[in-house]
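Fold and contact review
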Amino acid sequence: MKTGFLYDESYFWHDTGNGALFLPPGEWIEADEHGENPKSKRRVKNLLERSGFIKHLSVITPRQATREEIELNHTPSYVDKVKQLSNLTGGDAGELALVGRGSYEIALLSTGGAITSVDQVMEGKVHNIYALTRPPGHHAEKEQGMGFCLFNNVAIAANYAREKYGLKRIMILDWDVHHGNGTESAFYNDPDILFVSLHQEYNFPPDRGSAEDIGEGEGKGYNVNIPLPAGTGNAGYIYALETVVVPIADHFKPELIIVSAGQDASVFDPLAQMMVTADGFGMISSVVKHLAERHCDGRLVACHEGGYSPSYVPFCTLRIIESLSGLQSKVSQDPFSEAIRGLPSDVLANNQKEAVDKVSRIQTEYRKVT
Ligand code: ZN
C-alpha cells in the first residue's frame, strides 16, 4: 500500500495579504509578502513533481469539512465570524489569524483535508498520509483564531476519528516549533487523546507550553509539553523522542497517530531559532512511523502546519514523506548540506539534555504517584 499525499490548489490561494514576517505593514514596516504565504507550501508540491517522487505516492483530493464537523471544536459564533470576514474584505479572526476573501471555504477544505486523510488511513486505502493543509490549525482555539490558524484541523480530525471509527486512544504529536496551544486546550481534560508538543521554549505563544502543564482532571498525564532551548537540532529532537515520547506512547498504545507537521524548527526558518536539518526531519519521521507500525498497523496522518523558509521547507517535507513511504527520491543529497555541515545539529548540548530530562522527571514522577 502506498503513502498518500493530499493537497488542493485552493490551499495556495488563501490570501494573507501584505506584511513582514508576522507583522502587518505599518509606519516603519514596508509592505512585503506576509510570512505565512503560499510559497513554502506550493514548492513542496513542485519538488515532489519535479523529482518524480509524486509518482510513488497516492495523490488524494480533499473534500470540504461540513459546518457540523468544524463545530466539533469551534463555537458557532466564531465560525460565523470567519465566514463573515471571508465574505467581506477579510480581517483578523482573533490574534494574527488572517482571513482573506474566500478564506472560509479554503479553511473548510483544509480541515476537510485532515478528515479525508483520516478516512484514507482508517479505510486502509493508503498506508499513511501527508496532507499539505493550509491554512494551518494548531494555534486555533475554540472561540478564536490565532497565529495564522483559523480552524484546528488536527483537533477536528481527532474528534471525527473518534466519532466515526470509535477509536479510544489517539495520539497527536505536534513537532511544529511553536506550541500547539489550540490542540492542547481542546484535549486538556481528555484521557483519550494523548497530546505531545515539541517546541521552542518561550517562542509562540510565549506563555504556553510549559513542562508542568500535564493536563487536568481525567486528562492529567495525557498532555506532554517538551519545551526545548533555542539552538536545538537533530540530536536534541531525537533524544526527546527516545527519552520521553516513545516510552509514553508505548504505554498509551495509540490506535491512530496524527502529526501536526510544522517544518519551522528547520535551520533556515525566520520565525524560530532551531537547527533541525532536512535529514533530521527524515529521522524524526522515521521514529514516529515506527511507533505507528508498532501500535496501529502504521496508521499515521501528518497535517502540514508552519514552516516559513520557502527554500528549505520543501526539502524537509520531502524527507518526511520519504520516511513515511520507506522510499528514497532522486534528491539523494540535501542541496544545502555544504552550508550547514559545520553547525552542531547533531550534537546534544547540555542545556538541551537537561530540558528533556526535566520533562522526563515530571512525567515519571506523575506516573509513579498514580
Ligand atoms: Zn509554527
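Note: the structure precedes this text.
These remarks concern the structure in this document. (Residues numbered from 1 in each chain as written. Predicted model: local features only at pLDDT ≥ 70, side-chain atom pairs only at ≥ 80, totals over all residues. Heavy atoms only, no water.)

Secondary structure summary: the protein contains 11 helices and 14 strands in total. The C-alpha atoms of the protein give 19 Å as radius of gyration, which agrees with the globular expectation for 370 residues (21 Å, within 12%). Along the first, second and third principal axes, the C-alpha atoms of the protein reach 55 × 50 × 45 Å. Relative to its full complement of 370 residues, the protein shows a buried share of 61%. At a minimum sequence separation of 6, the contacts of the protein that also span at least 24 residues come to 77%. Entry remark: accessible area of the protein is about 14,500 Å², with carbon and sulfur atoms responsible for 51%. Where the 34 positive side-chain charges of the protein centre and where its 48 negative ones centre are 6 Å apart. (Helix = DSSP H or I, 4+ residues; strand = E, 2+ residues; numbered from the N terminus. Rg over C-alpha atoms; globule rule 2.2 N^0.38 Å. Buried < 20%, exposed > 50% of the residue type's maximum accessible area, 1.4 Å probe, protein only. Contact = heavy atoms within 4.5 Å. Areas by Shrake-Rupley, 256 points an atom, 1.4 Å probe, with all protein chains shown as cover. Lys, Arg positive; Asp, Glu negative; His and termini not counted. Charge placed at Lys NZ, Arg CZ, Asp CG, Glu CD.)

Among the six residues of strand β12 (residues 223-228), six are classified as buried, and the element is accordingly described as predominantly covered. Side chains of β12 alternate between two faces, with Asn 223, Asn 225 and Pro 227 and Val 224, Ile 226 and Leu 228 buried alike. Relative to β12, strand β11 (residues 193-200) runs parallel, the two sharing six bridges. From the neighbouring strand, Phe 195 faces β12, where its bridge partner is Asn 223. (Pairing = 2+ DSSP bridges.)

This paragraph deals with a nonpolar patch on the surface. Together, Leu 21, Phe 22 and Leu 23 line one region of the surface with nonpolar side chains, adding up to about 240 Å² of accessible area. Looking at the element boundaries, Phe 22 is found in the loop between β2 (18-19) and β3 (32-33). Here Phe 22 falls in the partly exposed class, since its relative accessible area comes to 37%. (Patch = residues over 30% accessible without salt bridge, like charges linked within 9 Å, V, L, I, M, F, W, Y side chains within 5 Å. Salt bridge = Lys/Arg side-chain N within 4 Å of Asp/Glu carboxyl O.)

Looking now at the environment of Glu 27. Structurally, the position occupied by Glu 27 is in the loop between β2 and β3. Residues Glu 27 and Leu 96, spaced 69 residues apart in sequence, show a C-alpha to C-alpha distance of 18 Å. Only 3.5 Å separates the side chain of Glu 27 from the side chain of Trp 28, close enough to count as a polar contact. (Polar contact = N/O pair within 3.5 Å; in protein donor to acceptor, adjacent residues only side chain to side chain.)

Right, let's talk about the nonpolar core for a bit. Most often, soluble globular proteins keep nonpolar side chains buried together rather than apart. By size, the foremost hydrophobic cluster in this structure holds 108 residues, and its most contacted members are Phe 5, Phe 151, Met 171, Trp 175 and Ile 226. Looking at this core element by element, the count peaks at 11 residues for helix α7 (residues 234-252). (Core = buried A, V, L, I, M, F, W, Y, C linked by side-chain atoms within 4.5 Å.)

Now for the coordination of the zinc ion. Where a metal carries four tetrahedral donors, each ideal angle is 109.5 degrees; where it carries six octahedral donors, the ideal angles are 90 or 180 degrees. Protein-derived ligands of the zinc ion are Asp 176 (OD), Asp 176 (OD), His 178 (ND1) and Asp 264 (OD), with the metal-ligand distances lying across 2.0 to 2.7 Å. Coordination at the zinc ion is irregular: its four donor atoms span angles of 54 to 155° at the metal. (Donors = N, O, S within 2.8 Å, 3.2 Å for Na, K, Ca; no water. Tetrahedral: all angles 85-135°; square planar, octahedral: opposite > 155°, others 65-115°.)

Bringing the sheet that holds strand β14 (residues 300-304) into the picture now. The strand order β4-β1-β8-β14-β13-β10-β11-β12 describes an open sheet built from eight strands, whose pairing is parallel. Each edge of the open sheet carries a strand with a single partner, namely β4 (58-60) and β12. When the angles between neighbouring strand axes are averaged without regard to direction, this sheet yields 15°. Two elements, strand β1 (residues 3-6) and strand β8 (residues 128-131), share four bridges in a ladder whose sense is parallel. By the bridge assignment, Gly 4 is partnered in β8 with Ile 129. Sitting on the sheet, α7 touches β10 (170-174), β11 and β12, and the angle it makes with β11 is about 175°. In this fold helix α8 (residues 278-295) packs onto β8, β10, β13 (256-261) and β14, with an angle of close to 165° to the strand it touches most, β13. (Axes fitted to C-alpha atoms, helices over the stretch in contact; angles between N-to-C directions.)

For the rest of this paragraph, the subject is the side chain of Asp 176. Examined against the element boundaries, Asp 176 turns out to sit in the loop between β10 and α6 (181-187). Looking at Asp 176, its side chain comes within polar contact range of the main-chain nitrogen of His 178, at 2.8 Å. From its side chain, Asp 176 meets the backbone nitrogen of Gly 306 in a polar contact 2.9 Å long. Dropping the residues within four chain positions of it, Asp 176 is found in contact with His 138, Leu 198, His 199, Ser 260, Gly 262, Asp 264, Glu 305 and Gly 306.

Extensive coverage of β13 is indicated by the burial of six of its six residues. Neither face of β13 is left uncovered, since the one carrying Leu 256, Ile 258 and Ser 260 and the one carrying Ile 257, Val 259 and Ala 261 both have all their residues buried. Of the pairings in the sheet, the one linking β10 to β13 comprises five bridges and is parallel in character. If you follow Ile 170 over to β13, its bridge partner there is Leu 256. A crossover links β13 with its parallel partner β14, the connecting element being α8, and its sense is right-handed. (Right-handed = clockwise from strand over helix to strand, strands pointing away.)

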